[in-house]
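Structural overview
Spelled out, the chains give:
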Amino acid sequence: MKKIVLVVLMMSSLLLASGKTVAPLVVIEEVKQEHIFYVGGSVAALSMRYSDVDRNFFDITNGQDRLGNFVLHGGYWITEYLAIEGRYSLGFQDEDAIEMDNAWSIFLKPTYKFDDGENRVYGKNYFSIYGLLGYGNVSFKGVNNTSGDVDNGDFQWGLGLSYTFRELSNNTEYPYRDNWSIFVDYTVLGSDMEGIFEGVSDRNTDLDAITVGIAYYF
């Protein structure tokens, strides 16, 4: 949330007592911007599959593992509409032959908020849509006597929707603030990743995720 106060004082007069002319004086009194940190947690449903398998989720019958992850994330609002966010994931569920060791991501997060100035003043809740653009790494291994080894760093991207709740704060300068939010997003975490998948070597795989979570601002 950004608040900018600009005070310009112009003086142009003759000081009769001294008989001297004083040039116009411009004073910039204050420029402020409030930055907000946030942290949160979420769960993610992942789909890892051969790159040449049909991406239609209702048509995939083989060459795919579905996984579950816990995700920790934190971020910092550079401006009211742009944040930088980091995520770290650990797997807690595997379907068949592959489980996740870990994954991490660093994103730029451009955001559009469906509220107006009046909403921001009076602290109303609001929806936002956002994008995720960045880089990350994912690491998998085989389970259930199946060989598997995927370790890949790649460009990552996503789209999401959030709903933010506002509450009254003790700060008289910023009486209302973004307090916490819930969100859901879709992310592509890897495309044509090389490695061993379900015992098959030299096979490229894709990985994407649907993530649902909560974030707290401070």
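For every chain, the first residue of its written sequence is number 1, and the numbers climb from 1 along that sequence. Whole-chain, interface and lining totals are the exception, using all residues; otherwise, since this is a predicted model, local features are given only for residues with pLDDT of at least 70 and side-chain atom pairs are given and counted only at 80 or more. The side-chain values count all of the structure's non-hydrogen atoms but skip hydrogen atoms and water molecules.

Counting 17 residues, the largest nonpolar core has Leu 46, Met 48, Met 100, Val 138, Phe 140 and Leu 207 as the members making the most contacts within it. Looking at this core, the elements with two or more residues in it are β3 (37–50), β4 (64–79), β6 (98–113), β7 (126–142), β9 (176–193) and β11 (205–217). Only runs of H or I of at least four residues qualify as helices and only runs of E of at least two qualify as strands under DSSP, and these elements are numbered from the N terminus. The element contributing the most residues to this core is β3, with four residues. Nonpolar core, defined: a set of buried Ala, Val, Leu, Ile, Met, Phe, Trp, Tyr and Cys residues in which side-chain atoms within 4.5 Å join the residues together. Throughout, exposure labels follow a simple rule: accessible area from a 1.4 Å probe, protein chains only, divided by the maximum for the residue type, with under 20% read as buried, over 50% as exposed, and the rest as partly exposed.

Our next topic: the side chain of Ser 181. Note on placement: Ser 181 falls in strand β9. Under the relative-accessibility criterion, Ser 181 is labelled buried at 3%. Throughout this description, a polar contact denotes any pair of N or O atoms lying within 3.5 Å of each other; where both atoms belong to protein, one of them has to be capable of donating a hydrogen while the other can accept it, and for residues adjacent in sequence the pair is counted only when both atoms sit in side chains. There is a polar contact of 3.4 Å between the side chain of Ser 181 and the side chain of Tyr 217. Once residues within four sequence positions are removed from consideration, Ser 181 is found in contact with Tyr 163, Thr 164, Gly 213, Ile 214, Ala 215 and Tyr 217. Contacts between residues were defined by any pair of non-hydrogen atoms, one from each residue, lying within 4.5 Å.

Like-charged residues within 9 Å of one another, or nonpolar side chains (Val, Leu, Ile, Met, Phe, Trp, Tyr) within 5 Å, are grouped into patches, provided each residue has over 30% relative accessible area and no salt bridge. Each accessible area value is a Shrake-Rupley result obtained with a 1.4 Å probe; residue values ignore everything except the protein chains displayed when judging cover. Salt bridges, as used here, are contacts in which a Lys or Arg side-chain nitrogen is within 4 Å of a carboxyl oxygen on Asp or Glu. Side chains of Ile 78, Ile 84, Tyr 88, Leu 90, Trp 104, Ile 106, Leu 108, Leu 133, Tyr 135, Phe 155, Trp 157 and Leu 159 sit close together on the surface and give an oily, nonpolar patch of about 1100 Å² of accessible area. Those elements that place two or more of their residues in the nonpolar patch are β5 (82–94), β6, β7 and β8 (149–168). Tracing the chain through its elements places Tyr 88 in strand β5. For Tyr 88, a relative accessible area of 39% gives the class partly exposed.

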